[in-house]
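# Close look at the chain arrangement
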Amino acid sequence: MKNFVSLERVGQRFGSGRSAFVALRDIDLSIAQGEFVTLIGHSGCGKSTLLNLIAGLVPASEGVLLCAGREIRGPGPDRAVVFQNHCLLPWLTCMENVHLAVKRVFGATEGARNLEERSAAALRLVGMSHAAHKYPREISGGMKQRVGIARALSIEPKVLLMDEPFGALDSLTRAHLQDALQGIVAATGTTTIMVTHDIDEAVLLSDRIVMLGKGPAATIARILPTGLARPRRRNTLACDARYLACRAAVMDFLHGSHDEFQLEPTAA
Ligand SMILES: Nc1ncnc2c1ncn2[C@@H]1O[C@H](COP(=O)(O)OP(=O)(O)OP(=O)(O)O)[C@@H](O)[C@H]1O
């Protein structure tokens, strides 16, 4: 697989002068087409900042970011972002929310019928056709997140960027959506970069787990290829030696030397 997203010596500084804050430094990362990469690390280490740089939402202070051989200079339809909160427009139905994105990207080159079929296909992909004409207030959090993913995928992005997309959901809904996402990514071959705090989610979904060290001036501490065959089923993985080893490695990275959060002894 050839490199598709590539980050060379990327750094990010916020502010200037004495109040400048260096969030990231010396980030080198190459992601292959179709690869699923998760970013994991302690709170505040710069995961969202890195994702935002790839999304083009924030210009990098240092280094070069490339997507499909072109420099990332701002947001573009080749990269779609899904945030923790669905960000659906409340006055539009699920279908209309998706259609808005489809029209923006394909409206100049395709007819109305094609655009409608694209929107319907995206909702089908996430199993939300039945709620196409409902408003966001009429559906659950997990369903809203599905529609958010449909909207992101409807523009056929080269790269899907997800910032804790399931972070606000209960564990059962989260598991369902993780399984759905695995199926969608397998079907579409979309290169995916996802921020998560959830170790099991990272191991279950990823080809590689990128562990960011602590900030400020965080950089990549370790990259762990999971090496697990696909499709992956959570029930069988639970006793898979490779899965458990990956889980332990990430756990060790996150908690091994993290002594500031150790419980204080209780008074006798
Ligand atoms: N616009 C900004 N201006 C100044 N500092 C910022 C800005 N955005 C992020 N930061 C700082 O950069 C660091 C990294 O923030 P970021 O949100 O990327 O971390 P994170 O790893 O995603 O955190 P979390 O896991 O808690 O969501 C933090 O110290 C944050 O305060």
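Thresholds applied
- Residues numbered from 1 in each chain as written.
- Predicted model: local features only at pLDDT ≥ 70, side-chain atom pairs only at ≥ 80, totals over all residues.
- Heavy atoms only, no water.
- UniProt positions renumbered as here; feature names shortened; annotations may be inferred.
- Pairing = 2+ DSSP bridges.
- Helix = DSSP H or I, 4+ residues; strand = E, 2+ residues; numbered from the N terminus.
- Contact = heavy atoms within 4.5 Å.
- Axes fitted to C-alpha atoms, helices over the stretch in contact; angles between N-to-C directions.
- Near = heavy atom within 4 Å.
- Polar contact = N/O pair within 3.5 Å; in protein donor to acceptor, adjacent residues only side chain to side chain.
- Buried < 20%, exposed > 50% of the residue type's maximum accessible area, 1.4 Å probe, protein only.
- Salt bridge = Lys/Arg side-chain N within 4 Å of Asp/Glu carboxyl O.

Per an unreviewed UniProt entry, the protein chain is named Nitrate ABC transporter ATP-binding protein, and its organism is Candidimonas nitroreducens. Entered under Sequence similarities (unreviewed entry) in the UniProt record, the comment concerning the protein chain runs "Belongs to the ABC transporter superfamily." The Subcellular location (unreviewed entry) field of the UniProt record for the protein chain holds the comment "Cell membrane".

## Notes on the sheet that holds strand E1 (residues 3–14)
To summarise the sheet geometry, strands pair through backbone hydrogen bonds and adopt either a parallel or an antiparallel arrangement. The antiparallel open sheet is built from 4 strands, whose spatial order is E2-E1-E4-E5. The sheet is open, and its two edges are formed by strand E2 (21–32) and strand E5 (70–71), each paired on a single side. Bridge analysis of strand E4 (residues 62–67) against E5 gives 2 bridges, and the strand direction is antiparallel. Considered in E5, the bridge of Leu-66 is made with Glu-71. Contacting E1, E2 and E4, helix H1 (residues 47–55) crosses the sheet at an angle of about 120 degrees to E1.

## Some words on the site of the ligand
Around the ligand, the structure places 13 residues, and the nearest of them are Ser-43, Gly-44, Lys-47, Thr-49 and His-197. One of the backbone nitrogen or oxygen atoms of Ser-48 is found 2.9 Å away from an oxygen atom of the ligand. At 2.5 Å from an oxygen atom of the ligand is found a side-chain nitrogen or oxygen belonging to Thr-49. Ranked by residues supplied to the shell around the ligand, first place goes to H1 with 3 residues.

## Some points on the sheet that holds strand E7 (residues 159–163)
In space, the 6 strands of this open sheet follow the order E6-E7-E8-E3-E9-E10, with mixed pairing throughout. For this open sheet the edge positions go to strand E6 (79–82) and strand E10 (220–225), each flanked by a neighbour on one side alone. Strand-to-strand, the axes of this sheet are offset by a mean angle of 15 degrees, without reference to chain direction. Relative to strand E8 (residues 191–195), strand E3 (residues 36–41) is paired through 4 bridges, and the arrangement is parallel. Across the sheet, Phe-36 pairs through a bridge with Thr-192, a residue of E8. On top of the sheet, H1 reaches E3, E6, E7, E8 and strand E9 (208–212); it is set at about 150 degrees to E7, its chief contact.

## Considering the pairing of E9
When you tally the buried positions in E9, you get 5 out of 5 residues, the bulk of the element. Alternating residues of E9 divide into Arg-208, Val-210 and Leu-212 and Ile-209 and Met-211, and every residue in both groups is buried. Bridge count between E9 and E10: 5 bridges; the pairing is antiparallel. Paired with Leu-212 across the strands is Ile-220, a residue of E10.

## A closer look at the pattern of salt bridges
Under the criterion given, the structure shown has 15 salt bridges. Residue Asp-26 is joined to Arg-9 by a salt bridge in which the shortest nitrogen-to-oxygen separation is 3.7 Å. With Asp-26 in strand E2 and Arg-9 in strand E1, this pair connects stretches of sequence that are 17 residues apart. Its relative accessible area of 34% is what places Asp-26 among the partly exposed residues. Between Glu-35 and Arg-208 there is a salt bridge whose closest N-O contact spans 2.5 Å. Linking Glu-35 in the loop between E2 and E3 with Arg-208 in strand E9, this pair joins segments that are 173 residues apart in sequence. Neither Glu-35 nor Arg-208 differs from the other in exposure class; each is buried. Look at the salt bridges and you will find they share partners, linking Arg-9, Arg-25, Asp-26 and Asp-28 into a network.

## Here we look at unusual backbone geometry
The omega torsion of the bond from Gly-215 to Pro-216 falls at -5 degrees, within 30 degrees of zero and hence cis. Within the secondary structure, Pro-216 sits in the loop between E9 and E10. Cis peptide bonds are those with omega within 30 degrees of zero, and the linkage from Arg-230 to Pro-231 qualifies with -5 degrees. Here Pro-231 shows up in the loop between E10 and helix H7 (234–237). Look at Ala-68: it is not a glycine, yet its phi comes out positive at around 50 degrees. In this structure, Ala-68 sits in the loop between E4 and E5. Its relative accessible area of 35% is what places Ala-68 among the partly exposed residues.

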